[in-house]
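What the coordinates show
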Amino acid sequence: MITTTGALDRAADHMRTQDVDALLLGPGADLRYLTGYAALPLERLTLLVARRDRRHALIVPELERPRAAASGAGDLAEIVTVSETGDPLAAVASALEGAGTGALRLGVGDRLWSTFLLGLQEALPGASWERASAITRELRMRKSSAEVDALRRAAQAIDRVHARVSALLKPGRSEAEVGRDIAEAIMEEGHQTVSFVIVGSGPNSASPHHESGARILQPGDAVVVDIGGTVDGYGSDCTRDYVIGDPPEGYAEAHAALEAAQAAACAAVRPGVTAESIDAAARDPLTGAGYGEYFIHRTGHGIGLEEHEEPFIVAGNELVLEPGMTFSIEPGIYLPGRFGMRIEDIVVVIKDGGERLNTLDREPVRV
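Everything in this summary refers to the structure shown in the same document. Everything quoted here is computed from the prediction, not taken from an experiment.

A few points about the overall build of the chain
For the chain, the helix and strand inventory stands at 10 helices and 18 strands. For the chain, the C-alpha radius of gyration of 23 Å lies close to 21 Å, the compact-globule estimate for 367 residues. By principal-axis analysis of the C-alpha atoms, the chain measures approximately 70 × 40 × 35 Å. Burial analysis of the chain (367 residues in total) assigns 51% to the buried set. Carbon and sulfur atoms make up 51% of the accessible area of the chain, which amounts to about 15,300 Å² in all. Taking the 35 positively charged and 54 negatively charged side chains of the chain as two groups, their mean positions are separated by 2 Å.

Right, here's the structure in full:
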């Protein structure tokens, strides 16, 4: 896990700017980013109370105190334990005493379970509530050099896995068998966890989030392989296309158009342009080539501690890109019942453009 030094202090600065008294963050990426603590999502409440006056508290079940302390979170926030019969909501209310001069304005984590949020709202009836991501997104979208280095290591590791994939795609094997071998390769090539493995063959390749199943690979299949894991807590995510034997009719022409569109979107990345302009840079040439209706998802998503986070590269997102923002560029073409294809690289915005962290060839690999 990369240490995001000073993240809690920066969060407090943003809270003062936005007149928010405290953030209430449960297990997840925001908590890891601010404290380094990878809390388990339990039925017992774990909650970081991050105050703008920097009197932070981390509420944890008593049995989780050793893990919280080992993470170093105690150097940033007071660790407050709650026994099995204790009242965690009362502990949160106590941790918020003196946090504001009037009715509390609280930012709550986007993914805090409703059972906890409803209890907190009952315990703090005078408070107003808003999304904590209005603050945390501003911190996490702009990656530090250490975070970019971790993402680069993750990209290099997943590139090494893709270099092994063609040897696994043999007629007679099932998607699931190939997927299991790829998962092993992800770990062997330096990831600490496997996040996902998509192996879509033949008509299944036209389903962007296909779950690898029992279908047997056959000659003439187009195969989409989309895989990712984590290195030092940061994600990899890369898609490449494979063909077993001779490609289906129309495949080569479609893939050439896709390669051009993906290259155009990567070339368009630079500080000062909008997220939606990158989506347009990929989408417009595919539309012009007659494939627009078959590109059915956004062009990309941010990546970091989560596989999908901001910024999202999609029409309507007027966010202006800045150095350190890191995201996928992954246009695709999906012809139902026939075949699909997708090319995905992770790109980081640098001062004079964009840097692709994945460096493998983007042409389809013929097996």
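Next comes the rest of the write-up.
Quick look at the sheet that holds strand E5 (residues 105-108)
Here six strands make up an open sheet; going across it, the order is E4-E3-E2-E1-E5-E6 and the pairing mixed. Edge strands, defined here as strands with exactly one partner in the open sheet, are strand E4 (78-82) and strand E6 (128-131). Between one strand axis and the next, the sheet turns through 25° on average, direction left out of account. Relative to E6, E5 is paired through four bridges, and the arrangement is parallel. Paired with Arg-105 across the strands is Ser-128, a residue of E6. Packed onto the sheet, helix H1 (residues 7-18) meets strand E1 (22-25), strand E2 (47-51) and E5 and runs at close to 60° relative to E2. Its contacts with the sheet put helix H4 (residues 88-95) on E2, strand E3 (57-61) and E4, and the angle it makes with E3 is roughly 170°.

Looking at the nonpolar core
Ranked by size, the top nonpolar core spans 35 residues in total, and within it Met-15, Leu-23, Leu-34, Tyr-37, Leu-48 and Leu-58 carry the most contacts. Looking at this core, the elements that each hand over two or more residues are H1, E1, helix H2 (29-35), E2, E3, helix H6 (133-140), helix H7 (145-165) and strand E16 (345-350). By residue number, the principal contributor to this core is H1, which donates five residues. What Met-15 contacts, discounting residues up to four positions off in sequence, is Val-20, Asp-21, Ala-22, Leu-23, Ala-50, Arg-51, Arg-52 and Ile-135. Judged by nonpolar contacts, the second largest core, of 33 residues, contains Phe-295, Leu-319, Ile-329 and Met-341.

Description of unusual backbone geometry
At the junction of Glu-310 and Pro-311, the peptide bond is cis and its omega measures out at 5° in the coordinates. Among the structural elements, Pro-311 can be located in strand E12 (residues 309-313). Phi at Arg-54 takes a positive value of approximately 70°, unusual for a residue other than glycine. By the element assignment, Arg-54 lies in the loop between E2 and E3. Accessibility expressed as a relative area gives 37% for Arg-54, which makes it partly exposed. One non-glycine residue, Asp-232, lies in positive phi territory at about 55°. Along the chain, Asp-232 turns up in the loop between strand E8 (222-231) and strand E9 (234-235). Overall, Asp-232 belongs to the partly exposed group, its relative accessible area being 26%.

A few points about the packing of aromatic side chains
Considering all chains together, one arrives at two aromatic pairs under this definition. A ring pair is formed by Trp-113 and Phe-116, whose centres lie 5.7 Å apart and whose planes are at 10°; its orientation type is stacked. Take Trp-113: its relative accessible area is 40%, and that puts it in the partly exposed class. According to the relative accessible area criterion, Phe-116 is buried, its value standing at 13%. Summarising the aromatic geometry, the rings of Tyr-251 and Phe-339 are spaced 5.3 Å apart at their centres and angled 70° between planes, so their arrangement reads as edge-to-face. On the criterion of sequence distance, the pair formed by Tyr-251 in helix H9 (residues 251-267) and Phe-339 in strand E15 (residues 339-342) is long-range, its members being 88 residues apart. Note on accessibility: Tyr-251 and Phe-339 belong to one class, buried. Here Arg-283 stacks its cationic end above the ring of Phe-295, 3.9 Å away from the centre of that ring.

Rules and cut-offs
Residues numbered from 1 in each chain as written. Predicted model: local features only at pLDDT ≥ 70, side-chain atom pairs only at ≥ 80, totals over all residues. Heavy atoms only, no water. Helix = DSSP H or I, 4+ residues; strand = E, 2+ residues; numbered from the N terminus. Rg over C-alpha atoms; globule rule 2.2 N^0.38 Å. Buried < 20%, exposed > 50% of the residue type's maximum accessible area, 1.4 Å probe, protein only. Areas by Shrake-Rupley, 256 points an atom, 1.4 Å probe, with all protein chains shown as cover. Lys, Arg positive; Asp, Glu negative; His and termini not counted. Charge placed at Lys NZ, Arg CZ, Asp CG, Glu CD. Pairing = 2+ DSSP bridges. Axes fitted to C-alpha atoms, helices over the stretch in contact; angles between N-to-C directions. Contact = heavy atoms within 4.5 Å. Core = buried A, V, L, I, M, F, W, Y, C linked by side-chain atoms within 4.5 Å. Phe/Tyr/Trp six-rings, centres within 6.5 Å; stacked < 30°, edge-to-face > 60°. Lys NZ or Arg CZ within 6 Å of the ring centre and 35° of its normal.

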